[in-house]
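Residue-level listing of the chains:
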Amino acid sequence: MKQRLVLNLRDLPTYGFGTESPMWWGTLAFISLEATGFALAIGTYFYLAFIAQGWPISAPPPNIWPGTIVLVMLLVSVVPNHLVESWAKKEDLGKTQIGLTIMSIAGIMPLIVRIYEFPALGLSWDENAYGSILWLLLGLHTFHLLTDVGDTLVLMVLMFTRHGKSGRRFSDVSDNAFYWDFVVASWVVIYFVIYVFPRWQT
Amino acid sequence: MKDTSPPVTSGLRDTELDDATLDRLLKKTWETPKGLYGWLATVDHKAIGRRYIVTAFIFFLLAGLAAVAMRLQLAVPENQLVGPDLYNQLFTMHGTTMMFLFAVPIMEAFGVYLVPLMIGTRNIAFPRLNAFSYWVYLSGGIMLWVAFALNTGADAGWFSYVPLAGPEFGVGKRSDFWAQMVTFTEVAGLAVAVEIIATIFKQRAPGMSLDRIPIFVWSMLVTSFVILFAMPAVMIASTMLILDRLVGTHFFNPAEGGDALLWQHLFWFFGHPEVYIIFIPATGFVSAIIPTFVRRPMFGHLAIVLALISIGFLSFGLWVHHMFATGLPQLGESFFTASSMAIAIPSGLQIFCWIATIWGGRPIFKTPMLFVLGFIVTFVLGGLTGVMVASVPLDLQVHDTYFVVAHFHYVLVGGAVFPLLGAVHYWYPKVTGRMMGEQLGLWSFALIFIGFNATFFPMHILGLQGMPRRVYTYMPETGWAGTNLFVSLSSSLLVAGLILFAWNAVKSLKSGAAAGDNPWDAPTLEWATSSPPRSYNFSRIPVVSHREPLWAQRQFLDVVSGLRVDARELVSGTVADAAPQLREPSVDNSIWPFLSALAVGATFIGSIFTPWAVVWGGIPIAIGLIGWFWPKGNPEDEE
Ligand code: HEM
């Protein structure tokens, strides 16, 4: 078929932030499906609690401290997270490099506390269904934490190479910040399920 | 062949180029290199879509062979051909393969191939994820069937109920392979859903506002959302199952506070939408085929779109209807009966729009249209039995009998496979550049339609007579022998029809008549480009100002200019109006998605044998992903 030129897009930019970027929508879609997974795992927790004679099953509520430390660390990390995001949007390479370095540390610290959090649950996954669902919830969240920290580390290294000077990298940094918010928000919910709900029960 | 033309200036735009130069330069930028490496590394949505389609049909063949074995066994009472253990594996492999490895992947595959063409873009969003998803899907399918060949075939039914599939009764590794197959296919399915959503939201041709999106594309969008919210359920469930089996968790163990019904809730939270994941794209095929063959736009375009969306929502209200026989609270049951029946309303609305369109048009009865008509007839019947099983008292009566087997084959074969075969005939010329034979098409349709009804209709009767499903044989005294023999003989008609269809598809590759760009004079954008489309789909991206662009404007195709030709570029725009926002770079071929899929596959399979596989597998997976995302200094990365 014959073509008729009706629109010249020569001057459009080649990257954008937020809803402009397809990657942002892809991230949102992944967040939605992962949030569905979290919701179903949490649903399972309450389902098991509902059919149980007493809850928690033959164990005291888990030791609240490691989880609370993680909670505080994650909540605090929201501040540098949003700073990095705004620096990335301004395409300020130097500040973005510093910000990502801070975010990498802010991601690794809760992972270290996590090592102590699993034993602090107070029972093993194979003791009863309560133990199983606790480990599943914590495992799911740890998996997300781990992948996003990995992503942050790679991005940080990238920003120190010659590839860092590309506008798309800044867009990637802002999508990574978006995902980190999800990792933090999901922990707030799971924290309440794992630590607060059983105390409020008894 | 070595390209001796002078190097392209970096950042060269298409604006001033004549057609021949433009094609030559775009080809250089977009083409997949020949040879094994190119084959493994391609990220062209058309190559991957074709692969998905062919692979899914091979699984259809395997599952079909399992069905043939079952029908041979059931043809006469007390048959000795297949023993009970093999029979269990056969129906499980058949159901599992049909649902997880054939029906869902093939619908998504059509989306992968067609959506970018129909919305006027050059590749799917996240092309490497797309390549990755295919390799993961393929490994999952091969794993399941290799396990079956080694007598470790899944044997607890396609929904793998606990406790039968649990650690206590599901001995050996059979159910573990089943559970990991689910993980493979759902990872692939979810990835494709994300790509399709992002593609439709962001990459539509300038001017393709929401009200100009073709109905098939809408159907893929709704399906992708249903996938997004349904598939995590079965992933969580199958993960719990494998944890119960391998590391001794107690999710489904009532002795330690677990619960067997939990499995059913999680499974059907996915399983019922699953039927709609298969069915919604099928209705999309129907809505694409009808206007072309009755020569008029769809009557009630908006009504159909709204019906699709409401079916998407309602599909989640239905899961409990699979569990009426488990004794839920009375009020709950009534609620779920109501929502099971509610879905008949949007479905009915669609049917009325289709019939009105056919009524007001001038139908041309080519093969694609025949399959659509066969679908409408069958679907009305299948829908009726569906409303029947949605009522609690009747469901209790026919639960787990052949009535149910008949019902869901009416829905799945009549409701999805018929439109699918119509779609194959319809888009075959676009994909291959050649037409399928009409004569053979007519014969295969007739055999499939008659064979299907003669096979599955009598199963209703067998069910009402009390024949349970999943039995490997029956006694002569039951009086079921005559009907069973009739069913088995009829299924050979069905099989003959499918063989004719396959023959037609293979033969036409070489000897079919040349198709040209738009052999059916269809209205949507995929027909505005060559058949088969070139690697870059459109030499210039179209601009859309009408719902049926190729009918509204027959002399010219309006297009944009100003894109780079030395790097892969496409247009991305606003979600509602498709107003251009970016010249979005599209990634180049890469071997890393394939390598990552290998690492993921090895990890999943390893985890069947030791939980440590997950830890050690993490290392190659991480390497694979870093290789995948690390920029290679390509021009499209550097702006
Ligand atoms: C092509 C012709 C087909 C034939 C002759 C056929 C035949 C059968 C038979 C005989 C059974 C029942 C086994 C039993 O309960 O003992 C069965 C079960 C089943 N079929 Fe098909 N089928 C066909 C196509 C399909 C298709 C296209 C799908 C899905 C898209 C499908 C999905 C299923 C499922 C999910 C089951 C239940 C498996 C289970 O009980 O776990 N079938 N089929």
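Please refer to the structure higher up on the page.
Notes on the structure follow. (Residues numbered from 1 in each chain as written. Chains lettered and ligands numbered in written order. Predicted model: local features only at pLDDT ≥ 70, side-chain atom pairs only at ≥ 80, totals over all residues. Heavy atoms only, no water.)

## A word on unusual backbone geometry
Apart from glycine, the bulk of residues carry a negative phi angle, and the bulk of peptide bonds sit in the trans form.
Here is step 1 of the chain: With omega at -5°, the peptide bond leading from W55 of chain A into P56 of chain A counts as cis.
Here is step 2 of the chain: Looking at where P56 of chain A falls in the secondary structure, it is placed in the loop between helix 1 (22-51) and helix 2 (65-89).
Here is step 3 of the chain: With omega at -10°, the peptide bond leading from S531 of chain B into P532 of chain B counts as cis.
Here is step 4 of the chain: Backbone geometry at E91 of chain A places phi at a positive 60°, although glycine is not the residue there.
Here is step 5 of the chain: Considering the arrangement of structural elements, one finds E91 of chain A in the loop between helix 2 and helix 3 (93-120).
Here is step 6 of the chain: The class for E91 of chain A is partly exposed, based on a relative accessible area of 33%.
Here is step 7 of the chain: Phi angles above zero are rare outside glycine, and D521 of chain B is one such case at about 50°. (Helix = DSSP H or I, 4+ residues; strand = E, 2+ residues; numbered from the N terminus. Buried < 20%, exposed > 50% of the residue type's maximum accessible area, 1.4 Å probe, protein only.)

## Here's the deal with the site of the ligand
Residues and elements named next belong to chain B.
Here is step 1 of the chain: Every one of the 22 residues lining the ligand counts as a neighbour, but Y87, H94, W158, H409 and R470 are closest to it.
Here is step 2 of the chain: Y402 places a side-chain nitrogen or oxygen 3.2 Å from an oxygen atom of the ligand.
Here is step 3 of the chain: With 7 residues, the single largest contributor to the shell around the ligand is helix 4 (residues 84-118). (Near = heavy atom within 4 Å. Polar contact = N/O pair within 3.5 Å; in protein donor to acceptor, adjacent residues only side chain to side chain.)

## Looking at the interface of chain A and chain B
Here is step 1 of the chain: Across the contact, 53 residues belong to chain A and 65 residues belong to chain B.
Here is step 2 of the chain: The contact between chain A and chain B buries some 5,200 Å² in all, and 68% of this surface belongs to carbon and sulfur atoms.
Here is step 3 of the chain: Connecting chain A to chain B are 2 salt bridges.
Here is step 4 of the chain: Remark: the boundary between chain A and chain B carries 21 residue pairs in polar contact (both at pLDDT 80 or more).
Here is step 5 of the chain: The element that contributes the greatest number of residues to the side of chain A that touches chain B is helix 1 of chain A, accounting for 16 residues.
Here is step 6 of the chain: Taken together, the residues of the side of chain A that touches chain B sort by class into 28 nonpolar, 17 polar and 8 charged.
Here is step 7 of the chain: Here 6 bridges tie strand 1 (residues 2-8) of chain A to strand 1 (residues 556-561) of chain B, and the two strands are oriented parallel to one another. (Contact = heavy atoms within 4.5 Å. Buried area = accessible area lost by both parts, 1.4 Å probe. Salt bridge = Lys/Arg side-chain N within 4 Å of Asp/Glu carboxyl O. Nonpolar A, V, L, I, M, F, W, Y, C, P; charged D, E, K, R; others polar. Pairing = 2+ DSSP bridges.)

## Focus on the coordination of the iron atom of the ligand
Residues and elements named next belong to chain B.
Here is step 1 of the chain: For the iron atom of the ligand, the full set of protein donor atoms is H94 (NE2) and H409 (NE2), and the range of their distances to it is 1.9 to 2.0 Å.
Here is step 2 of the chain: Each of the 6 donor atoms bound to the iron atom of the ligand contributes to angles spanning 87 to 180°, and the resulting shape is octahedral. Placement of H94 in helix 4 and of H409 in helix 14 (residues 402-432) is noted, with a sequence separation of 315 residues between them. One exposure class covers both H94 and H409, and it is buried. (Donors = N, O, S within 2.8 Å, 3.2 Å for Na, K, Ca; no water. Tetrahedral: all angles 85-135°; square planar, octahedral: opposite > 155°, others 65-115°.)

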